[in-house]
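# Descriptive structure summary
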Amino acid sequence: MKNIIELKDIHVSFDGEVILDHFNLAIKDKEFVTLLGPSGCGKTTTLRTIAGFVQPQEGRVLFEGQDISKLPAHKRQVNTVFQRYALFPHYNVYENIAFGLRISKTPEEEIEKRVKEMLALVNLKGYEKRNVSSLSGGQQQRVAIARALVNNPKVLLLDEPLGALDLKLRKGMQNELLRIQRQMGITFIYVTHDQEEALTMSDTVVVMKDGLIQQIGTPEDIYNEPANPFVADFIGESNIFGGKMIRDYLVEFEGIEFPCVDAGFGENVAVDVVVRPEDIEILDAQDGMLCGTVETVTFKGVHYEMMVRSDRFLWKIHSIKCREPGDKIAMKIIPEYIHIMKKEAGTVN
Amino acid sequence: MRKFFEKSYMALIFGFLYLPIAYLIFFSFNEGKSKVIFSGFTLKNYVNLFRDEEIMQALLNTLIIAAIASVVATVIGTMAAIGIQRLRKWQRNAVMNVTYIPVLNPDIITGVSLMLLFSIFGITLGYGPVLLAHITFNIPYVILAVMPKLRQVDSSIYEAALDLGASPALAFRKAILPQIMPGIISGFMMALTLSVDDFVITFFLKGVEVETLATMIYSTTKVRIDLSMNALCGVMVLVVLIILILANLPQKKSGNKKREERI
Ligand SMILES: Nc1ncnc2c1ncn2[C@@H]1O[C@H](COP(=O)(O)OP(=O)(O)O)[C@@H](O)[C@H]1O
Ligand SMILES: [Mg+2]
């Protein structure tokens, strides 16, 4: 598949503060790509660079292989769903959606047909005459999506489109957005700071921190093979601690040697180890080597969350088995669930 | 208790502000020459007024100066407000403080200083200087009327219009202008009334030939006081009333129009 958008060595700084640091990203046609990272890491700036609202000091933006770095925003064939909708308050729903078509001088019958299609697509039939300020947040969001999609963009940029909606509405809209993306067959570049949203919706997740890409991969890759402690910590809950790679396929932590599936780090090299809370099995104390004492137990709906104190580390465990605080237990971790990462500065232990 | 104060406040307002005006207008219909004894109803003072060429010329001058000055000031003031809005915060505050100075400055200082300015450059006082002065003192009022509206506008709405393919000029016209229009209109109306109203600044800059209604009334009352002046006041009150009514009308109208407007 060819790349529809490429960011080549993009560098953006505001008032000397670096926001995007020599940023490289290639996005394939018809992909659902999510930019994921904590607030302030440069996600919006990346979208605005693609849309043409930010002029990077260095680097190029390619659209279908063509350099569009110098093209002003209104000439770019991408459309944006803005963070706070940015609907035109002085137009009704119909005129909001028709805006782009009127600019391009589309014939009136065509406009009517397309707006009707869009209203059907976003489930807002019969809302044509409504004032946008009389709509709920979710409905305004749908108008914003219809207004952007009516122009048949090849790429839709969405900046935290569900951020202002409540949890239940958000789940519903996630499914609708996926349906719309499949139905239209276009590329979505989606920004969120919600890791669960990113994992459930995307083909590709781009994890960012401080204007730098931390990892690019499928949701499975990102979750199962985090590239560094930041990604591991940001994507779901994790136990992250220091260990030592004895040799290939053998790692030592808590004074115990564990077989693992990673190789290529060298011998006797300090590494970071990640174990997901749900990947730790609870055994009776006498049945395992890695032992600890349960400190707290919290019921989380589907599972119990237990904090378990071992010799050197406080473990977070998710399990459907329940133990009491004070219980001595053993923890079993199979090799597939031990993720080894290159050591970085500033990790625990 | 509160009701009582509200009522007496209203009574005072009506008493001090409107009674003299009502009195003035009432006697503009007086048959006789007296300003104290009403001897019968007539429209002859008004007829005389409209026959008086000097007064008609002054009226025309007033309207032309006010119209041109307020239109030009509205355009410049609106553009200035947009520029100021885009400045950084401290720059914006600085410029806004400078904008307030002419508003707070006594008219007489504005008038005298402009007169000195024009004479330094050897420009003969008259129509041009009066017009320029009116434009100048109107601009801050337009800026002050437009700024609050502009501040309410979500800047991403302008970007949304660009994003949907509108050129910067079109995006401004389609996305920003309709939203700040009430501010522009009230700024324009304010400029119009200030211009029609102005005496002090015009007085210093008019030279010998140009007279507006205000300067005309002033110079006339020094020599003769007859009832056509009352009639003139009656006309001016009427004009101000009409402006007031117009100022309140267009918002409703443009609201309807906007909905039907097509790009
Ligand atoms: N126009 C701007 N001027 C100055 N700083 C900005 C501007 N836009 C964004 N920033 C800064 O850039 C950083 C990244 O912002 P942003 O891209 O919005 O992050 P995110 O969307 O990931 O939360 C923030 O620290 C923000 O303060
Ligand atoms: Mg953002």
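Bear in mind that the values here come from a model prediction, so they are computed numbers and not experimental data.

Right, let's get into helix 1 (residues 43-51) of chain A. Residues and elements named next belong to chain A. Taken across its 9 residues, helix 1 has 7 buried, putting it largely inside the fold. All buried positions along helix 1 are accounted for by K43, T45, T46, L47, T49, I50 and A51. Backbone geometry just downstream of helix 1 places G52 in the positive-phi region, at approximately 100°.

The next subject is the packing of aromatic side chains. Counted by the stated rule, this structure contains 26 aromatic pairs over all chains. With 4.9 Å between their ring centres and 50° between their planes, F199 of chain B and Y218 of chain B make a pair best called tilted. Linking F199 of chain B in the loop between helix 8 (168-197) and helix 9 (200-205) with Y218 of chain B in helix 10 (residues 213-223), this pair joins segments that are 19 residues apart in sequence. Taken together, the ring pairs connect F241, F253, F258, F313 and W315 of chain A into an aromatic cluster. Over the face of the ring belonging to Y223 of chain A we find R276 of chain A, whose NZ or CZ atom lies 4.1 Å from the ring centre. Positioned above the aromatic ring of Y158 of chain B, the side-chain terminus of R86 of chain B is 5.6 Å from the ring centre.

Quick look at the domain arrangement of chain A now. All names here are of chain A. Looking at chain A, the domain boundaries give domain 1 (3-229) and domain 2 (240-342). Just the C-alpha atoms count here: the centres of domain 1 and domain 2 sit 39 Å apart. With 8 residues of domain 1 in contact, the opposing surface of domain 2 contributes 7 residues. If you sort the residues of domain 1 by the area they bury against domain 2, Y223, P226 and P229 come out on top, with a joint share of 70%. Summed over the shared surface of domain 1 and domain 2, the result is 3 residue pairs in polar contact (both at pLDDT 80 or more). Of all the elements, helix 7 (residues 219-224) adds the most residues to the side of domain 1 that touches domain 2, at 3 residues. Taken together, the residues that form the side of domain 1 that touches domain 2 break down as 5 nonpolar, 2 polar and 1 charged.

Rules behind the numbers
Residues numbered from 1 in each chain as written. Chains lettered and ligands numbered in written order. Predicted model: local features only at pLDDT ≥ 70, side-chain atom pairs only at ≥ 80, totals over all residues. Heavy atoms only, no water. Buried < 20%, exposed > 50% of the residue type's maximum accessible area, 1.4 Å probe, protein only. Helix = DSSP H or I, 4+ residues; strand = E, 2+ residues; numbered from the N terminus. Phe/Tyr/Trp six-rings, centres within 6.5 Å; stacked < 30°, edge-to-face > 60°. Lys NZ or Arg CZ within 6 Å of the ring centre and 35° of its normal. Domains from an automatic or database assignment. Contact = heavy atoms within 4.5 Å. Buried area = accessible area lost by both parts, 1.4 Å probe. Polar contact = N/O pair within 3.5 Å; in protein donor to acceptor, adjacent residues only side chain to side chain. Nonpolar A, V, L, I, M, F, W, Y, C, P; charged D, E, K, R; others polar.

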